[in-house]
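Below, each chain spelled out in residue letters.
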Amino acid sequence: MAKKTPQLEQSLDSLEALVERMESGDLTLEESLQAFEQGVKLTRECQQALSQAEQKVRILLEQDPQAEPVPFEGRDDQ
């Protein structure tokens with residue numbers, strides 16, 4: 001599994017826990033709305049972290065035009 005940054009990993013874990021809470025059906029409407037708002041915030045944080053990582057990869061590939069991206073192996077989300 002590719003190593004995730006601590007902030008990205010924490011955000012993903014929080015998002016997963018939030019989704020589980022929402023899917024449980026035990027939240028009030030107000031709690032559901034708050035959870036949804038928090039989920040949107042966490043999703044944006046994850047997207048930003050992934051965009052930054054993608055930009056770093058692009059920069060590295062531009063520095064070495066001979067380099068080719070290598071597919072990740074052993075990912076547990078496939």
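If you're wondering where the values come from, they're calculated on a predicted model, not measured in any experiment.

*Asks:* Which residues make up helix 2 (residues 29-63), and what are the values?
*Replies:* Helix length check: helix 2, at 35 residues, gives a terminal C-alpha distance of 51 Å against a target of 51 Å (1.5 Å per residue), a fit within 8%. Within the sequence span of helix 2, burial applies to Ala35, Gly39, Leu42 and Cys46. Tucked into the core, helix 2 has its buried residues touching helix 1 (6-24).

*Asks:* Kindly report on the nonpolar core, identifying the contributing residues and their values.
*Replies:* Within soluble globular proteins, side chains that are nonpolar tend to cluster in buried spots. Membership of the largest hydrophobic core is limited to five residues, which are Leu15, Leu18, Leu27, Ala35 and Leu42. For this core, the secondary-structure elements that each account for two or more residues are helix 1 and helix 2. Filtering out sequence-adjacent residues up to four positions away, Leu42 remains in contact with Ser11, Ser14, Leu15 and Leu18.

*Asks:* How would you sum up the packing of helix 1 against helix 2? Please name residues and give values.
*Replies:* Packing of helix 1 against helix 2 brings their axes to within 9 Å, and their N-to-C directions diverge by 155°. The angle between helix 1 and helix 2 places the two elements in the roughly antiparallel class. The hand of the helix 1/helix 2 crossing is left-handed. Residues Leu8, Ser11, Leu12, Ser14, Leu15, Leu18 and Met22 of helix 1 form the contact with helix 2, whose own contacting residues are Ser32, Ala35, Phe36, Gln38, Gly39, Leu42, Thr43, Glu45, Cys46, Ala49 and Leu50.

*Asks:* Requested: an account of helix 1, with residues and values cited.
*Replies:* Over its 19 residues, helix 1 runs 27 Å from end to end, which matches the ideal 27 Å to within 8%, given 1.5 Å per residue. Where helix 1 is concerned, the buried positions are Leu8, Ser11, Leu15 and Leu18. An end-on view of helix 1 places all buried positions within 90° of arc, on one side of the element. Residues Pro6 and Gln10 are exposed on helix 1 and point more than 90 degrees away from its buried face. Positive backbone phi, approximately 80°, marks Gly25, located one or two places after helix 1.

*Asks:* So what's going on with the pattern of salt bridges? Which residues, and what values?
*Replies:* It is possible for side chains bearing opposite charge to pair when their charged atoms get close. Within this structure, the stated rule accounts for two salt bridges. Ionic pairing is found between Glu45 and Lys41, a salt bridge with its closest N-O pair at 4.0 Å. Note that Glu45 and Lys41 are positioned in helix 2 at a spacing of four residues, about one turn of the helix. We classify Glu45 as partly exposed; its relative accessible area is 27%.

Analysis parameters
- Residues numbered from 1 in each chain as written.
- Predicted model: local features only at pLDDT ≥ 70, side-chain atom pairs only at ≥ 80, totals over all residues.
- Heavy atoms only, no water.
- Helix = DSSP H or I, 4+ residues; strand = E, 2+ residues; numbered from the N terminus.
- Expected span 1.5 Å × (residues − 1).
- Buried < 20%, exposed > 50% of the residue type's maximum accessible area, 1.4 Å probe, protein only.
- Contact = heavy atoms within 4.5 Å.
- Core = buried A, V, L, I, M, F, W, Y, C linked by side-chain atoms within 4.5 Å.
- Axes fitted to C-alpha atoms, helices over the stretch in contact; angles between N-to-C directions.
- Parallel < 35°, antiparallel > 145°, perpendicular 65-115°, else oblique.
- Left-handed = near helix turned anticlockwise from the far one by under 90°.
- Arc of directions from axis to C-beta.
- Salt bridge = Lys/Arg side-chain N within 4 Å of Asp/Glu carboxyl O.

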